[in-house]
Amino acid sequence: MEHVEIERRFLIKDLPSDLDSYPSKSFEQGYLSINPVLRVRREEDDYFVTYKGRGKLLREEYNLPLTEEAYEHLISKADGTVIKKRRYFIPLDNDLVIELDIFEGNLSPLKIAEVEFSSEEEAMAFEPPDWFGREVTDEEKYSNSSLSRCGLPEDMQR
């Protein structure tokens, strides 16, 4: 599947009190390359390899399905830390969905919300909810590929 991903990313100040009422999935992912980004991911019982082009707010993305066996072989080749997280899907107005990632292991207590948009105009007009913190869309250190290589950014280790 090919598409252009248009998303904004935010740190989280406060978790919603009703978080457990939203659907969620567990994710595990590792990076085979960061330039270009080539990622393998397990979403519950589904497996994918993903290519991501350059860019931050807007970039191309290709997802291809993998077998469990292929995933297990490729994840063992991942550079850096294999990321584990739980993603919550929180609906917003205008058919938008907050994808709230709560990281586990050595990336805990990091929490990042991503919102995908159908256009750059829609992305730029988005007003984040009060419980969102600082926007990190343009901060490479908060990309998953960077987190897998470098761990928590220094400003999160306080």
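Thresholds, definitions, all that
- Residues numbered from 1 in each chain as written.
- Predicted model: local features only at pLDDT ≥ 70, side-chain atom pairs only at ≥ 80, totals over all residues.
- Heavy atoms only, no water.
- Salt bridge = Lys/Arg side-chain N within 4 Å of Asp/Glu carboxyl O.
- Helix = DSSP H or I, 4+ residues; strand = E, 2+ residues; numbered from the N terminus.
- Buried < 20%, exposed > 50% of the residue type's maximum accessible area, 1.4 Å probe, protein only.
- Core = buried A, V, L, I, M, F, W, Y, C linked by side-chain atoms within 4.5 Å.
- Contact = heavy atoms within 4.5 Å.
- pLDDT = per-residue confidence, 0-100.
- Patch = residues over 30% accessible without salt bridge, like charges linked within 9 Å, V, L, I, M, F, W, Y side chains within 5 Å.
- Areas by Shrake-Rupley, 256 points an atom, 1.4 Å probe, with all protein chains shown as cover.
- Lys, Arg positive; Asp, Glu negative; His and termini not counted.
- Charge placed at Lys NZ, Arg CZ, Asp CG, Glu CD.
- Phe/Tyr/Trp six-rings, centres within 6.5 Å; stacked < 30°, edge-to-face > 60°.
- Lys NZ or Arg CZ within 6 Å of the ring centre and 35° of its normal.
- Pairing = 2+ DSSP bridges.

The next thing to look at is the pattern of salt bridges. As enumerated under the stated definition, the model contains 16 salt bridges in all. Measuring nitrogen to oxygen at the nearest pair gives 3.8 Å for the salt bridge that ties Glu114 to Arg87. Taken as a pair, Glu114 in strand E8 (residues 111–116) and Arg87 in strand E6 (residues 79–91) lie far apart in primary sequence, 27 residues in all. For Arg87, a relative accessible area of 5% corresponds to the buried category. Residues joined in a network through salt bridges with shared partners are Arg9, Lys85, Arg87, Glu99, Asp101 and Glu114.

Ile98, Leu100 and Phe132 are the most contacted members of the largest nonpolar core, which totals 17 residues. For this core, the elements supplying multiple residues, two or more each, are strand E1 (2–12), E6, strand E7 (97–103) and E8. Those residues in contact with Phe132 that lie beyond four places of it in its chain are Phe10, Leu11, Ile12, Lys13, Ile98, Ala113, Val115 and Phe126. Core analysis: the second largest hydrophobic core is formed by 12 residues, Tyr31, Ile83, Leu107 and Tyr142 among them.

Moving on: the environment of Leu74. Inspection of the secondary structure assignment puts Leu74 in helix H1 (residues 68–75). Taking C-alpha positions, Leu74 is 14 Å from Tyr51, a pair spaced 23 residues apart along the chain.

Let us look at the confidence of the model for the protein. For the protein, mean pLDDT is 93; residues scoring 70 or higher make up 96% of the total. Here strand E5 (residues 58–65) is the element of the protein with the lowest mean pLDDT, 87, and E7 is the one with the highest, 98.

Together, Glu44, Asp45, Asp46, Glu68, Glu69 and Glu72 give the surface a local cluster of negative charge. Counting residues per element, the negative patch draws most heavily on H1, which supplies three residues. Looking at the secondary structure, you find Glu69 in helix H1. On the basis of relative accessible area, Glu69 is assigned to the exposed category, the value being 67%.

Tallying each qualifying case throughout the model produces seven aromatic pairs. Pairing Trp131 with Phe132 gives two aromatic rings, centres 4.8 Å apart and planes at 80 degrees, and the pair type is edge-to-face. A network of ring pairs unites the aromatic residues Phe10, Phe117, Phe126, Trp131 and Phe132 as a single cluster. Taking the ring centre of Phe27 as reference, the NZ or CZ of Arg87 above it sits at 4.6 Å.

What follows deals with the side chain of Ser146. Within the secondary structure, Ser146 is located in helix H3 (residues 144–150). Residue Ser146 is classed as buried on the basis of its relative accessible area of 5%. Dropping the residues within four chain positions of it, Ser146 is found in contact with Glu140, Lys141 and Gly151.

On to the pairing of E6, then. With seven bridges connecting them, strand E2 (residues 24–34) and E6 associate as antiparallel partners. Each residue of the ladder has a partner; that of Ser26, found in E6, is Arg86. Between E6 and E7, which pair antiparallel and follow one another directly, the connecting turn spans five residues, one of which, Asn94, has a positive phi of 60 degrees.

Attention now goes to the side chain of Ser148. Inspection of the secondary structure puts Ser148 in helix H3. Relative accessible area serves as the criterion here: at 1%, Ser148 is assigned to the buried category. Those residues in contact with Ser148 that lie beyond four places of it in its chain are Tyr31, Asp79, Gly80, Thr81 and Ile83.

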